[in-house]
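Structure assessment
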Amino acid sequence: MFGKEYDVIVVGAGHAGSEAAAAAANMGSSTLLITMNLQNIGQMSCNPAMGGIAKGQIVREIDALGGYSGIISDKTAIQFKMLNKSKGPAMWSPRVQSDRMRFSETWRLMLEQTANLDFYQEMVSGIIVEDDKVIGVRTSLGIEVRAKTVVLTNGTFLNGLIHIGEKQFGGGRAGESASTGITKELVDLGFESGRMKTGTPPRVDGRSLDFSKMLLQPGDENPEKFSFSDVTQTLKTQRPCHMTYTSGLVHDLLKEGFDRSPMFNGSIDSIGPRYCPSIEDKINRFADKERHQMFIEPEGWDTVEYYVNGFSTSLPEDVQFKALRAVAGFENVKFFRPGYAIEYDYFPPTQLKHTLETKLVDGLFFAGQINGTTGYEEAASQGLMAGINAHMKVEEKDPFIIQRNEAYIGVLIDDLITKGTEEPYRMFTSRAEYRTLLRQDNADFRLTPMSHKIGLASDDRMRKMETKQKKSDSFVKFFRETSVIPGVINPILESKESALVSQSDKMFKVFSRPNITMDDMRRIGSVEEFVAENDLDFDVLQQAEIQVKYAGYINKEKNNADKLNRLEGLKIPKGFDYTKLKSLSYEAREKLTAIQPVTISQASRISGVSPNDISVLLVYMGR
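Residues numbered from 1 in each chain as written. Predicted model: local features only at pLDDT ≥ 70, side-chain atom pairs only at ≥ 80, totals over all residues. Heavy atoms only, no water.

**Things to note about the overall build of the chain**
Per the secondary structure count, the chain includes 21 helices and 22 strands. The C-alpha atoms of the chain give 26 Å as radius of gyration, which agrees with the globular expectation for 623 residues (25 Å, within 12%). Dimensions of the chain along its principal axes, counting C-alpha atoms only, are 80 × 70 × 55 Å. Considering the chain as a whole, with its 623 residues, one finds that 58% of them fall into the buried category. Summarising the internal contacts of the chain: among those between residues at least 6 apart in sequence, 73% fall at separations of at least 24. Only carbon and sulfur atoms are counted for the fraction: they give 49% of the accessible area of the chain, which is about 25,800 Å². Side-chain charges of the chain comprise 76 positive and 82 negative groups, with the mean position of each set lying 3 Å from the other. (Helix = DSSP H or I, 4+ residues; strand = E, 2+ residues; numbered from the N terminus. Rg over C-alpha atoms; globule rule 2.2 N^0.38 Å. Buried < 20%, exposed > 50% of the residue type's maximum accessible area, 1.4 Å probe, protein only. Contact = heavy atoms within 4.5 Å. Areas by Shrake-Rupley, 256 points an atom, 1.4 Å probe, with all protein chains shown as cover. Lys, Arg positive; Asp, Glu negative; His and termini not counted. Charge placed at Lys NZ, Arg CZ, Asp CG, Glu CD.)

**Overview of unusual backbone geometry**
Residue Ala 54 is not a glycine yet carries a positive backbone phi of 70°. Tracing the chain through its elements places Ala 54 in the loop between strand E3 (49-51) and helix H2 (55-65). A positive phi is found at Asn 116, a non-glycine position, where the angle reads about 75°. Note on placement: Asn 116 falls in the loop between helix H4 (100-112) and strand E6 (117-121).

**Observations concerning the pattern of salt bridges**
A side chain with one charge can pair with a side chain of the opposite charge if their charged atoms come near. Applying the stated criterion across every chain, the model contains 42 salt bridges. Across the pair Lys 55 and Glu 377 runs a salt bridge whose closest N-O atoms are separated by 3.3 Å. Residue Lys 55 is found in helix H2, and its partner Glu 377 is found in helix H9 (residues 376-394); the two are separated by 322 residues along the sequence. Across the pair, exposure class does not vary: Lys 55 and Glu 377 are buried alike. Members of the salt-bridge network, linked through shared partners, are Arg 404, Asp 414, Asp 415, Lys 419, Glu 433 and Arg 605. (Salt bridge = Lys/Arg side-chain N within 4 Å of Asp/Glu carboxyl O.)

**A short note on the side chain of Thr 35**
Among the structural elements, Thr 35 can be located in strand E2 (residues 31-35). Setting aside residues up to four positions removed in sequence, Thr 35 forms contacts with Ala 13, Tyr 120, Gln 121 and Glu 122.

**Remarks on the pairing of strand E9 (residues 144-152)**
Relative to E9, strand E1 (residues 5-11) is paired through 6 bridges, and the arrangement is parallel. Across the sheet, residue Glu 5 finds its bridge partner in E9, namely Arg 146. Pairing between strand E8 (residues 133-139) and E9: 3 bridges, direction antiparallel. Across the sheet, the residue bridging to Arg 138 is Glu 144, located in E9. Hairpin connection from E8 to E9: 4 residues lie between these consecutive antiparallel strands, with Gly 142 at a positive phi of about 85°. Pairing between E9 and strand E20 (residues 364-366): 3 bridges, direction parallel. Each residue of the ladder has a partner; that of Val 150, found in E20, is Leu 364. (Pairing = 2+ DSSP bridges.)

**Here's the deal with the nonpolar core**
With 101 residues, the main nonpolar core has Ile 9, Leu 152 and Leu 364 as its most contacted residues. Residue contributions to this core peak at 9 residues, all from H9. With residues near it in sequence (within four places) discarded, Ile 9 still touches Leu 32, Ile 34, Val 137, Val 145, Arg 146, Ala 147, Thr 149, Val 150 and Val 151. Membership of the second largest hydrophobic core comes to 26 residues, among which are Val 476, Ile 492, Val 531 and Leu 541. (Core = buried A, V, L, I, M, F, W, Y, C linked by side-chain atoms within 4.5 Å.)

**Quick notes on helix H8 (residues 317-324)**
Given 3.6 residues to a turn, an α-helix orients residues that are three or four positions apart in the same direction. Taken together, the buried positions of H8 are occupied by Val 319, Gln 320, Ala 323 and Leu 324. Looking straight down H8, one finds its buried side chains confined to an arc of 120°; they lie on one side. (Arc of directions from axis to C-beta.)

**Re the packing of aromatic side chains**
Under the defined criterion, the tally for this structure stands at 18 aromatic pairs. Taking 5.6 Å as the distance between ring centres and 50° as the angle between the ring planes, the aromatic pair formed by Phe 347 and Phe 366 counts as tilted. In this pair, Phe 347 is assigned in the loop between strand E19 (340-346) and E20 and Phe 366 in strand E20, connecting sequence segments 19 residues apart. The pair Phe 347 / Phe 366 is uniform in exposure class, with both members buried. Here Phe 475 and Phe 478 contribute two aromatic rings whose centre-to-centre distance is 6.2 Å and whose plane-to-plane angle is 25°, an arrangement assigned as stacked. Taken together, the residues span about one helical turn, with Phe 475 and Phe 478 both in helix H12 (residues 459-481) at a distance of 3 residues. (Phe/Tyr/Trp six-rings, centres within 6.5 Å; stacked < 30°, edge-to-face > 60°.)

**Focus on the sheet that holds strand E14 (residues 215-217)**
Overall, antiparallel pairing links the 6 strands, which are arranged E14-E15-E16-E17-E13-E18 in an open sheet. Since the sheet does not close on itself, it has two edges, and those belong to E14 and strand E18 (335-337), each with one partner. The average angle at which neighbouring strand axes cross in this sheet is 35°, direction not considered. Across 3 bridges, the pairing between E14 and strand E15 (residues 241-245) is antiparallel. In the sheet register, Gln 217 faces E15, and the bridge partner there is Cys 241. On top of the sheet, H8 reaches strand E13 (203-205), strand E16 (293-298), strand E17 (305-309) and E18; it is set at about 145° to E18, its chief contact. (Axes fitted to C-alpha atoms, helices over the stretch in contact; angles between N-to-C directions.)

**Things to note about the pairing of E1**
With 6 of 7 residues buried, E1 is to be regarded as a mostly interior element. In this sheet, E2 lies alongside E1 in parallel orientation, the contact comprising 4 bridges. Note on E2: the bridge partner recorded for Val 8 is Thr 31. On the question of chirality, the crossover connecting E1 to the parallel E2 by way of helix H1 (residues 15-26) is right-handed. (Right-handed = clockwise from strand over helix to strand, strands pointing away.)

**Quick word on the state of the cysteines**
Inspection of the entire model under this criterion finds 0 disulfides. Among the cysteines around Cys 46, which has no disulfide bond, Cys 276 carries the closest sulfur, lying 6.3 Å off. (Disulfide = S-S within 2.5 Å.)

**A short note on the environment of Met 196**
Here Met 196 is to be found in strand E12 (residues 194-200). When neighbours within four sequence positions are excluded, Met 196 is seen to be in contact with Ser 270, Ile 271, Ile 342, Glu 343, Tyr 344, Tyr 346, Gly 372, Thr 421, Glu 422, Glu 423 and Pro 424.

**Let's talk about the environment of Phe 169**
Along the chain, the position of Phe 169 falls in strand E11 (residues 167-170). On a C-alpha basis, the gap between Phe 169 and Ala 287 in space is 31 Å, while along the polypeptide they are 118 residues apart.

**Some words on the packing of H1 against H4**
Between H1 and H4, whose axes approach to 11 Å, the crossing angle comes to 20°. Between H1 and H4, the angle falls in the class roughly parallel. Between H1 and H4 lies a crossing of left-handed hand. Residues His 15, Ser 18, Glu 19 and Ala 22 of H1 form the contact with H4, whose participating residues are Phe 103, Trp 107 and Leu 111. Split by residue class, the contact of H1 with H4 holds 4 nonpolar, 2 polar and 1 charged. (Parallel < 35°, antiparallel > 145°, perpendicular 65-115°, else oblique. Left-handed = near helix turned anticlockwise from the far one by under 90°. Nonpolar A, V, L, I, M, F, W, Y, C, P; charged D, E, K, R; others polar.)

**Comments concerning the sheet that holds strand E5 (residues 93-98)**
If you walk across this open sheet you meet the 3 strands as E3-E5-E4, and the pairing is antiparallel. Of all strands in the sheet, those with a lone pairing partner are E3 and strand E4 (77-83), marking the two edges. The mean angle between the axes of side-by-side strands here comes to 20°, regardless of whether they run parallel or antiparallel. Strand direction decides the pairing type here: E3 and E5, joined by 3 bridges, are antiparallel. Residue pairing for E5: Met 50 is matched across the bridge by Val 96.

Here it is as structure tokens:
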């Protein structure tokens, strides 16, 4: 198998690597997935969950594009929740608790059933580069495997160093070796590298917990699912999570170990995730808080292992244990394993193009935590895009790039390569300026046609999306064109304490009222008849309701997005010399030269580039 030249080699089989390999292989590229342990494909290294605020939108986008994460999340879910339902639909974010072991197993089985994909278990110790072009990889056994493109998705394994109190040891995850060699080679090639850290909490024995002292956290009464396809079903039964709190006593017990904490004694000097701090970091930064939430999450359907979300720590194991036993419900807790912190190498993502190909080495792509992100979902989306673009490069086709107004994936990649990141990057709805357009419910409308055009999303997916869109548009048109008389609508309005109407009015106008729901409108006979005659399902009903109630916001954002796209169309010549534009600020010349934006729009989003600098560029380019 090593006598051939692969189209794509993917290094690492976490969430990024698995999506990259699946995408490239499904599009027709001969693909080799190399990982240090084939038993850990798609491993959930931290919490046993997928989705969440903004992350759930990303999983639905991956699914709409034809990736696997949504399907696997559905097949291995033990609980489903739609977060932020009390807010507008732009904020709704799906999340599942997952069966950790089944999640990894399902990933492996789906990849094994993917044509054009080979597997190999070994550590990749270096890449082979000739004339600034990658031509393959080298393993720790000295085997050289040739390829037209290489995707690096090394996660936390690059020179990984694990910390538990004053103890340090090499590793990419607890119980697994670190990966060495690649960082030095890349730095020698001219890449800039840095260090980041992340952490994980203890895993505990559920049989030793008293759940009666905790608050029950059940799943949704009517659970939905991630995948737009018909290959998965909604959950019929679910496992609950639980919530408890730390206390002043717990905080005091944790503080006793601060002098032995790598966070405070100088052992760790790299930056951790701002929005997922360790428990010692929370106590230190938020000293006025008397308690912090802890979510107790089951690791699967049948196992007694639980994940203690909110108690990430690198304190000595005896301190972790003593403090955790002071938490309500944890008085008799038994550990499966302690929490730890891990430091690892990353490469500032400003060294990448929008395709996630590196600027320095032709055919070399980076995806996942190697780019400074945190989270399975962010990693998976990058892997998908890198796998697609590696295939497109091999086929000598135009790159596949998603804009900021088209997907959270577009926001993520543009943020990374334009602004860079000095701390682990996490996606939030607030990062997307067009979040009313980028809802979780319409990811298929936004992305499936694009993906189908390049040959990844299947014909079945395209037909299903077109049917849903046709039915939704038809239902919205019905509301726009159909009137309702006062005698029919006023009893409904009265029951909702909404102002009555004195004459016939279009249903669309009445339905636009904030306190009127689809269930209210279905009390009108003609509406319910339309639903039954056209066989409208939950997805279509939800889509139509959002289109009616948020039409003004959606149209406003579309207009703003159109303005952005006009700037996206203004290309900057490759290798443009910014030093000759003396009217640019010194900082702008420095940042523009380093990042080399492709368009005026991208240039406008670079930190340190002012509106005045953009005006200078526009004048120079005759606009």
